[in-house]
Amino acid sequence: MRNILLTLSYDGTDFCGWQRQDRAAGGKAVRTVQAAVEAALQKIHKQPTPLYGSGRTDSGVHAAAQAANFFSPVDSIPAENYVPALNAFLPHDVRINAARCVDEHFNARFSATARTYRYVIYCGKSARATEMRYVWQIHHQPDIRVLNEMAAHLHGEIDCATFAAAGDASASTFRFIEQAVFCPDGDKLVFEITANAFLWKMVRSLTGTLIQFEREKRSPDYFRHVLDSRDRRKAGATAPASGLFLWNVRFDGVRRHV
């Protein structure tokens, strides 16, 4: 059987996250991206086809380029034909953007070397109604210089326990962060962070903390103290899901285990 890698995008607003949850709501299934794509695969293959994602996005979180692979039991379908075939059966808020064959040992989660997230913050007076599903509106203009001085501490192998949500089941809270930076984009501010992997709600916790600390006129050294404390109670509020996008998944370079 061929191993097919999909690149997909989705509006996460009306999904309960990426991961299939068949008994989440009183023993009933809830709407997830994985379940939607697996349902489309079953219509094509006429049999259940498991899908393996590069990571689990939470309820309300979007993706510009999520990665997921599956093993196709049908040899007659060219890999690239899965793009229109799956899109024909998928809801409007999830799209397959690319498909290609990969090595039989490839796994979208365990073969990934880095993931990039972008968090979009609207700093103007009033965002358009068409933007509200995809931003966090904060009603003030932060000092980007201060934000980036704090974000500069997010580099290298770091214990990120301070920014893990309660209930995170990760074996280790250490993550290798390649870069974390705020960039202006008109009335918006974009926080981009790349790491080998992330703890549960880590990016939203970091974003909310950095924005809160800048507004409270905290120093970069204070942020470093909170980071080193490993104490979630010292972090700021968690930013809402609406502004967060899984932007890219990389499979080249060094694979750092977590």
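The notes below deal with the structure included here. (Residues numbered from 1 in each chain as written. Predicted model: local features only at pLDDT ≥ 70, side-chain atom pairs only at ≥ 80, totals over all residues. Heavy atoms only, no water.)

Considering the overall build of the protein chain
The secondary structure content of the protein chain amounts to five helices and ten strands. A globule of 258 residues ought to have a C-alpha radius of gyration of about 18 Å, and the protein chain, at 19 Å, matches this closely. Reported as C-alpha extents along the three principal axes, the dimensions of the protein chain are approximately 60 × 40 × 40 Å. Here the protein chain holds 258 residues, and 51% of them are scored as buried. (Helix = DSSP H or I, 4+ residues; strand = E, 2+ residues; numbered from the N terminus. Rg over C-alpha atoms; globule rule 2.2 N^0.38 Å. Buried < 20%, exposed > 50% of the residue type's maximum accessible area, 1.4 Å probe, protein only.)

Thoughts on the environment of arginine 95
Of note, arginine 95 is situated in strand β4 (residues 94-102). Under the relative-accessibility criterion, arginine 95 is labelled partly exposed at 28%. Arginine 95 sits 53 residues away from asparagine 148 along the chain, and the two C-alpha atoms are 34 Å apart. Discounting residues that sit within four places of it in the chain, arginine 95 has contacts with Thr7, Leu8, Ser9, Asn87 and Leu90. (Contact = heavy atoms within 4.5 Å.)

Section: the packing of helix α3 (residues 144-151) against helix α4 (residues 202-215)
Two elements in contact, α3 and α4, have axes separated by 10 Å at closest approach and are oriented at 130°. Relative to α4, the element α3 lies oblique. Read as a crossing pair, α3 and α4 show a hand that is right-handed. Facing Val146, Leu147, Met150 and Ala151 of α3, the residues of α4 in contact are Leu210, Ile211, Phe213 and Glu214. Residues that form the contact of α3 with α4 fall into these classes: seven nonpolar, no polar and one charged. (Axes fitted to C-alpha atoms, helices over the stretch in contact; angles between N-to-C directions. Parallel < 35°, antiparallel > 145°, perpendicular 65-115°, else oblique. Left-handed = near helix turned anticlockwise from the far one by under 90°. Nonpolar A, V, L, I, M, F, W, Y, C, P; charged D, E, K, R; others polar.)

A few points about the pairing of strand β9 (residues 188-195)
Across the eight residues that make up β9, a large majority, seven, are buried. In this sheet, β9 lies alongside strand β5 (residues 114-122) in antiparallel orientation, the contact comprising eight bridges. Opposite tyrosine 122, over in β9, you have lysine 188 as the bridge partner. As consecutive antiparallel partners, strand β8 (residues 174-185) and β9 are separated by two residues, and within that stretch glycine 186 has a phi angle of approximately 65°, a positive value. (Pairing = 2+ DSSP bridges.)

Observations regarding the packing of aromatic side chains
This model, assessed by the stated rule, comprises ten aromatic pairs. Consider the rings of tyrosine 117 and phenylalanine 198, whose centres lie 5.2 Å apart with planes at 85°: the pair is edge-to-face. In this pair, tyrosine 117 is assigned in strand β5 and phenylalanine 198 in the loop between β9 and α4, connecting sequence segments 81 residues apart. The exposure class assigned to phenylalanine 198 is buried, which follows from its relative accessible area of 17%. Through successive ring pairs, a cluster of aromatic residues spans Tyr134, Phe245 and Trp247. (Phe/Tyr/Trp six-rings, centres within 6.5 Å; stacked < 30°, edge-to-face > 60°.)

Quick look at the side chain of serine 54
Structurally, serine 54 can be placed in the loop between β2 (52-53) and β3 (62-72). Among the polar contacts made by the side chain of serine 54, one reaches the side chain of glutamine 66 at a distance of 2.5 Å. Sequence-distant contacts of serine 54, defined by excluding residues within four places in its chain, comprise Gln66, Ala67, Ala108, Arg109, Arg115, Leu246 and Val249. (Polar contact = N/O pair within 3.5 Å; in protein donor to acceptor, adjacent residues only side chain to side chain.)

With respect to the nonpolar core
Ranked by internal contacts, the top residues of the largest apolar core, which has 71 residues, are Leu6, Leu8 and Phe191. Once you skip the residues sitting within four places of it in the chain, phenylalanine 191 turns out to touch Tyr117, Arg118, Tyr119, Ala151, Leu154, Ala180, Val181, Phe182, Leu206, Thr207 and Leu210. (Core = buried A, V, L, I, M, F, W, Y, C linked by side-chain atoms within 4.5 Å.)

A look at the environment of serine 9
Its location among the elements puts serine 9 in strand β1 (residues 2-10). Note on serine 9: relative accessible area 18%, which makes it buried. Linking serine 9 and valine 33, residues 24 residues apart in sequence, is a C-alpha distance of 9.8 Å. In this structure serine 9 touches Ala63, Ala64, Asp93, Val94, Arg95 and Asn97, once residues within four positions along its chain are discounted. Side chain to side chain, serine 9 and asparagine 97 meet in a polar contact 2.8 Å long.

A look at the packing of α4 against helix α5 (residues 220-229)
The geometry of α4 relative to α5 is characterised by a closest axis approach of 11 Å and an angle of 145° between their N-to-C directions. Classified by chirality, the crossing of α5 by α4 is right-handed. Residues Leu206, Thr209, Leu210 and Phe213 of α4 form the contact with α5, whose participating residues are Tyr222, Phe223 and Val226. Taken together, the residues that form the contact of α4 with α5 break down as six nonpolar, one polar and no charged.

A look at unusual backbone geometry
Even without being a glycine, lysine 46 presents a positive backbone phi close to 65°. Along the chain, lysine 46 turns up in the loop between α1 (33-45) and β2. Of note, histidine 139 is a non-glycine position whose phi angle comes to about 65°, a positive value. Note that histidine 139 resides in the loop between β6 (136-137) and α3. Assessed through its relative accessible area of 57%, histidine 139 is described here as exposed.

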